[in-house]
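Descriptive structure summary
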Amino acid sequence: MHHSRFEAVRLRLEQFDPGTGWRLWLYEFLLFGFKQAWACLFGALMLVLLLGTHLFYPDDAPLHRYDFITLGAVLIQGGMLALRLETLEEAKVILIFHVVGTVMELFKTAAGSWLYPEASVLHIGAVPLFSGFMYASVGSYIARVWRIFDFRFSNYPPRWATYLLAAAIYANFFAHHWLPDVRILIFAAVGWYFAFTKIHFRNWRRHRWMPLLVGFLLVALFIWFAENIGTYARAWSYPGQENEWKMVGIGKLGSWYLLMIISFVLVSLVNPVRKPD
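Notes on the structure in this doc start here. In this text, all values refer to a predicted model and were calculated from it rather than measured experimentally. (Residues numbered from 1 in each chain as written. Predicted model: local features only at pLDDT ≥ 70, side-chain atom pairs only at ≥ 80, totals over all residues. Heavy atoms only, no water.)

1. Some words on the pairing of strand β4 (residues 198–202)
By the criterion of burial, β4 is predominantly enclosed, with four of the five residues buried. Note that β4 and strand β5 (residues 207–211) share five bridges and pair antiparallel. By the bridge assignment for β5, His200 is matched with Trp209. What sits between the antiparallel neighbours β4 and β5 is a turn of four residues. (Buried < 20%, exposed > 50% of the residue type's maximum accessible area, 1.4 Å probe, protein only. Helix = DSSP H or I, 4+ residues; strand = E, 2+ residues; numbered from the N terminus. Pairing = 2+ DSSP bridges.)

In structure tokens, the structure reads:
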């Protein structure tokens, strides 16, 4: 099964002709929002799970909240596959992100970059197993939006360069704890290779475009918003948030921007990087 249930709905919506002028503008605006909401489904359900358990999960429950979140995440994943709300190809991407994210979590929690303040049984080291699903939410979104909007790319850098960039970013997330932080050089390399890259996306019937670097920034910004919801729900905490919640500093946006490069390159391994027709 290569298509989700959304495929037929999307095709009908794209074939509908609302007319011209303000009707077309309004229809494209609503269609764009609907497609984005569908692409965010996995991540949105995870945020609902985190926030809902923070607000309503009983303190005296026999099951730790973190373990409940882990089981809930597994059920969400299984339900989306069973109901064909997600394709097997997208699930493979999620698995890759789960592994990559969990490895980073194990290192970062050991280094004290952040912590998980609540107890759990389903964990590896100090990392509850639901954490991998949070990274998987990013992979799920990119894989879905790539297909739903029929991404095409012009002036895309050599594939080998994108692989090296992603590897350098991932390595620096670890190495900067002992070696000089070279993220400024990495940002410069990202700007150099993607400076003229355009992403072409089809919302209704025609492809529009934006600079890919701007697209990375917009998604990183929404991840930063989601991160603030996650820390408010005490899914994890940064130093200084142990006793009371504070907004995550805007400086974290740079880390999420770089993570977007890794995420994008990982998805490009299973999704075609095609040129505009």
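Alright, that's what it looks like, and here's the rest.
2. Describing the pattern of salt bridges
Within this structure, the stated rule accounts for 10 salt bridges. For Glu14, the salt bridge is made with Arg10, and the minimal N-O distance between the two is 3.0 Å. Of this pair, Glu14 and Arg10 are both found in helix α1 (residues 6–15), four residues apart, which corresponds to roughly one turn of the helix. On the basis of relative accessible area, Arg10 is assigned to the buried category, the value being 5%. Of the charged contacts in the structure, one is a salt bridge between Arg183 and Asp181, with a shortest N-O distance of 2.9 Å. (Salt bridge = Lys/Arg side-chain N within 4 Å of Asp/Glu carboxyl O.)

3. Details of the nonpolar core
The biggest cluster of nonpolar side chains holds 69 residues, and the ones touching the most others in it are Tyr116, Phe130, Phe151, Phe153 and Leu212. It is helix α10 (residues 252–268) that provides the largest number of residues to this core, a total of 12 residues. The residues contacting Phe130, other than those within four sequence positions of it, are Met46, Leu50, Tyr66, Ile69, Thr70, Tyr116 and Ala235. (Core = buried A, V, L, I, M, F, W, Y, C linked by side-chain atoms within 4.5 Å. Contact = heavy atoms within 4.5 Å.)

4. Structural notes on the environment of Leu11
Mapped onto the fold, Leu11 is located in helix α1. Sequence-wise, Leu11 and Gly230 are 219 residues apart; in three dimensions their C-alpha atoms are separated by 34 Å.

5. Side note on a nonpolar patch on the surface
Taken together, the side chains of Trp22, Trp25, Leu26, Phe29 and Leu30 define a hydrophobic patch exposed on the protein surface, amounting to about 630 Å² of accessible area. Along the chain, the position of Trp22 falls in helix α2 (residues 22–39). Residue classification places Trp22 among the exposed positions, given a relative accessible area of 58%. (Patch = residues over 30% accessible without salt bridge, like charges linked within 9 Å, V, L, I, M, F, W, Y side chains within 5 Å. Areas by Shrake-Rupley, 256 points an atom, 1.4 Å probe, with all protein chains shown as cover.)

6. Focus on the environment of Ile262
Here Ile262 lies in helix α10. Taking C-alpha positions, Ile262 is 8.5 Å from Tyr163, a pair spaced 99 residues apart along the chain. Residues contacting Ile262, with those up to four places away along its chain left out, are Ala166, Ile169, Tyr170 and Phe173.

7. Some remarks on unusual backbone geometry
Its identity is not glycine, yet Asp150 carries a phi of approximately 50°, on the positive side. By relative accessible area, which is 11% here, Asp150 ends up buried. Of note, the phi angle at Arg234 is positive, near 55°, even though the residue is not glycine. In this fold, Arg234 is placed in the loop between α9 (212–232) and α10. The class of Arg234 is partly exposed, set by a relative accessible area of 26%.

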